[in-house]
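Listed below, chain by chain, are the residues.
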Amino acid sequence: NGIGAHAVSFIECPLDGQFKAFEVTVGIDGQTEGRGSVVFRVLVDGKEKANSGIVNGFTKPLTLKVDDLTGARRLILSVMDGGDGNNHDLADWVDGKLFLK
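First, a word on scope: everything that follows refers to the structure included in this document. (Residues numbered from 1 in each chain as written. Predicted model: local features only at pLDDT ≥ 70, side-chain atom pairs only at ≥ 80, totals over all residues. Heavy atoms only, no water.)

## Considerations on the packing of aromatic side chains
Alright, step 1. One pass over the full model with this rule turns up 1 aromatic pair.
Alright, step 2. Between phenylalanine 40 and tryptophan 93, the ring centres sit 5.0 Å apart and the planes meet at 90°, which makes this aromatic pair edge-to-face. One end of the pair, phenylalanine 40, is in strand 4 (residues 37–44); the other, tryptophan 93, is in strand 8 (residues 90–100), with 53 residues separating them in the sequence. Comparing phenylalanine 40 with tryptophan 93, the two get one shared label, buried. (Phe/Tyr/Trp six-rings, centres within 6.5 Å; stacked < 30°, edge-to-face > 60°. Helix = DSSP H or I, 4+ residues; strand = E, 2+ residues; numbered from the N terminus. Buried < 20%, exposed > 50% of the residue type's maximum accessible area, 1.4 Å probe, protein only.)

Here is the structure:
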């Protein structure tokens, strides 16, 4: 289960201080046949808490974790272009989990 997005995109999730951690697996969608490159970022209250670095269509899926969401108000999932234009930049956020306090 997951969310597909195209670079450049931002998905905002309200947290209202209810959660302690977040975890998600990220990668380029298989339909691109290896093309595309993006950077996945997780921001908490406007501050970057996780960054995948440049991920391309041949990169194995990565797990991003944010271990301390104490008091956090909002989470933003950001997909940025990998620096070569946004053709084939189909990004997948898979099995995202928010852990309650």
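## A word on the sheet that holds strand 5 (residues 47–56)
Alright, step 1. With respect to topology, 4 strands assemble into an open sheet ordered 2-7-4-5, the strand pairing being antiparallel. Where the open sheet ends on each side, the last strands, each with one partner, are strand 2 (9–14) and strand 5. Across the sheet, the mean angle from the axis of one strand to that of its neighbour is 15°, orientation sign disregarded.
Alright, step 2. Sheet topology note: the strand 2/strand 7 (residues 74–81) ladder contains 6 bridges and is antiparallel. In the sheet register, cysteine 13 faces strand 7, and the bridge partner there is leucine 75. (Pairing = 2+ DSSP bridges. Axes fitted to C-alpha atoms, helices over the stretch in contact; angles between N-to-C directions.)

## Remarks on the side chain of aspartate 89
Alright, step 1. Structurally, aspartate 89 is set in the loop between strand 7 and strand 8.
Alright, step 2. Of the polar contacts made by the side chain of aspartate 89, one reaches the backbone nitrogen of serine 37; its length is 2.8 Å. (Polar contact = N/O pair within 3.5 Å; in protein donor to acceptor, adjacent residues only side chain to side chain.)

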